[in-house]
Amino acid sequence: MGFDVRRFDIYRKVPKDLTQPTLTGALISVVCCLAILVLIVSEFSRYLAVDLVSTVYVDNPGVESRIPVMVTVELPKLKCDYVGLDIQDDMGRHEVGFIDNTEKTPIENGAGCLFHASFQINKVPGNFHISTHSAKHQLDDVPDFAHRIIEVRMGDNILTQNVPGSFNPLQNVQKSAEFESHDYFMKIVPTVYETRNGKSHISYQYTYAYRSFVGRGTPALWFRYDLSPLTVKYHERGEPFLSFLTAICAVVGGIFTVAGIIDGLVFSGQEIFKKLEIGKLS
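Criteria and cut-off values
- Residues numbered from 1 in each chain as written.
- Predicted model: local features only at pLDDT ≥ 70, side-chain atom pairs only at ≥ 80, totals over all residues.
- Heavy atoms only, no water.
- Helix = DSSP H or I, 4+ residues; strand = E, 2+ residues; numbered from the N terminus.
- Expected span 1.5 Å × (residues − 1).
- Buried < 20%, exposed > 50% of the residue type's maximum accessible area, 1.4 Å probe, protein only.
- Contact = heavy atoms within 4.5 Å.
- Patch = residues over 30% accessible without salt bridge, like charges linked within 9 Å, V, L, I, M, F, W, Y side chains within 5 Å.
- Areas by Shrake-Rupley, 256 points an atom, 1.4 Å probe, with all protein chains shown as cover.
- Salt bridge = Lys/Arg side-chain N within 4 Å of Asp/Glu carboxyl O.
- Core = buried A, V, L, I, M, F, W, Y, C linked by side-chain atoms within 4.5 Å.
- Polar contact = N/O pair within 3.5 Å; in protein donor to acceptor, adjacent residues only side chain to side chain.

Draft legend 1. Highlighting helix H2 (residues 241–278). With 38 residues, H2 extends 56 Å from end C-alpha to end C-alpha; this agrees with the ideal 56 Å at 1.5 Å per step. Listing the buried residues of H2 in full gives Phe-244, Ala-247, Ile-248, Val-251, Ile-255 and Ala-259. Looking at the buried residues of H2, the elements they touch are helix H1 (23–48).

Quick look at the structure:
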C-alpha cells in the first residue's frame, strides 16, 4: 500500500451529518462576521492613512542654482504706469526694470495697480523691490506705497493641506503709511516634501520682520532675503502592505478562534445544564 499524503492534512473534515447547529452558535457567528467586517474596515483605513514625518538637516536641495518667486501686490494709490521691479543680490546681479513675466492690472478706477511678477533669484542674500524709478513714467510727487500683499511665495506650490509651515506668511499683510518706504526682511528655509510614491517637491518657507522709514531716497517696497543653511524635509510614511496583510490575518484568525472558544464554552454549559435538569449528570 502506497504512502498517503493526506496524512499531513491538519484541517480534517467532519461530515456535515455529524455536526449540530445551534441558535447560540448562529448568534455568535453573526456577531463574529460583523466584528470581522468592522475591524477589516478599520485596518484598511489605517493602511490608507499617511503619517507626515519631518527631519532637519544641512543641505542645499535641488540641482537648480535659482529659486522661483511669485509676487502679487495690490497698490491702491499708485498707477500701473509708475510701477516697476528691480532685482539685486550679492553675486553682482542688478536688474533694473525687470519686465519678464510681469502683469499690471489697473484697480480703483485706474488710480491703483495690481502687480504680479514671476521671476527667479540666486541662492545668495539679496533683495527685490517694487519702485517707481525703473518705470517708463515718473511721478512729480512722492509716490505712496500703501499696499496689501496677496502673495510672496517661493518654489513649488505644495497643495496638500497637512504640511505645517509658513509658505506665504505675508498674505494679506497691508500697510498704509504715507510717503514711507516699507522693508520686509525674510529668512528663507528650504523645504522638501516627498510623497509616498517618492516624488519630491522643493519649496521655501520663510519668516519675516518689518520696518518702515522716511528719507534715504524715493519710497519703495523692499523684500530683502537671506537663506538658512538648514533644510526641512517632510515625507509621507504609510503602513507596508505586508503589515496590513498580517493585521487582516490576525483579525480574522483571532476573532474566529475566540468565537470558537466562546461557542464551545456556551455549548458545554448548555449540555451540563440539560443533564442537571434530567438528573443524568455523573
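Having seen it, we continue.
Draft legend 2. Spotlight on H1. The end-to-end C-alpha distance of H1, which contains 26 residues, comes to 38 Å, matching closely the 38 Å that a straight helix rising 1.5 Å per residue would cover. Residues of H1 that are buried in the fold lie against H2.

Draft legend 3. Local environment of a nonpolar patch on the surface. A grouping of Phe-3, Val-5 and Phe-8 is seen on the molecular surface, where their side chains present a nonpolar patch of about 390 Å² in accessible area. If you trace the backbone, Val-5 turns up in the segment before H1.

Draft legend 4. Spotlight on the nonpolar core. Phe-119, Phe-128 and Val-152 are the most contacted members of the largest nonpolar core, which has 34 residues in total. Where this core is concerned, the elements lending two or more residues are strand S2 (66–75), strand S3 (84–89), strand S6 (112–122), strand S7 (126–131), strand S8 (147–155), strand S10 (181–194), strand S11 (200–213) and strand S12 (221–227). Look past the residues within four positions of Phe-119 in its chain and what remains in contact with it is Ile-67, Pro-68, Val-69, Val-71, Leu-85, Ile-87, Phe-98 and Phe-128.

Draft legend 5. Focus on the side chain of Glu-151. Looking at the element boundaries, Glu-151 is found in strand S8. Within the structure, Glu-151 has its side chain in polar contact with the side chain of Arg-153 (distance 3.1 Å).

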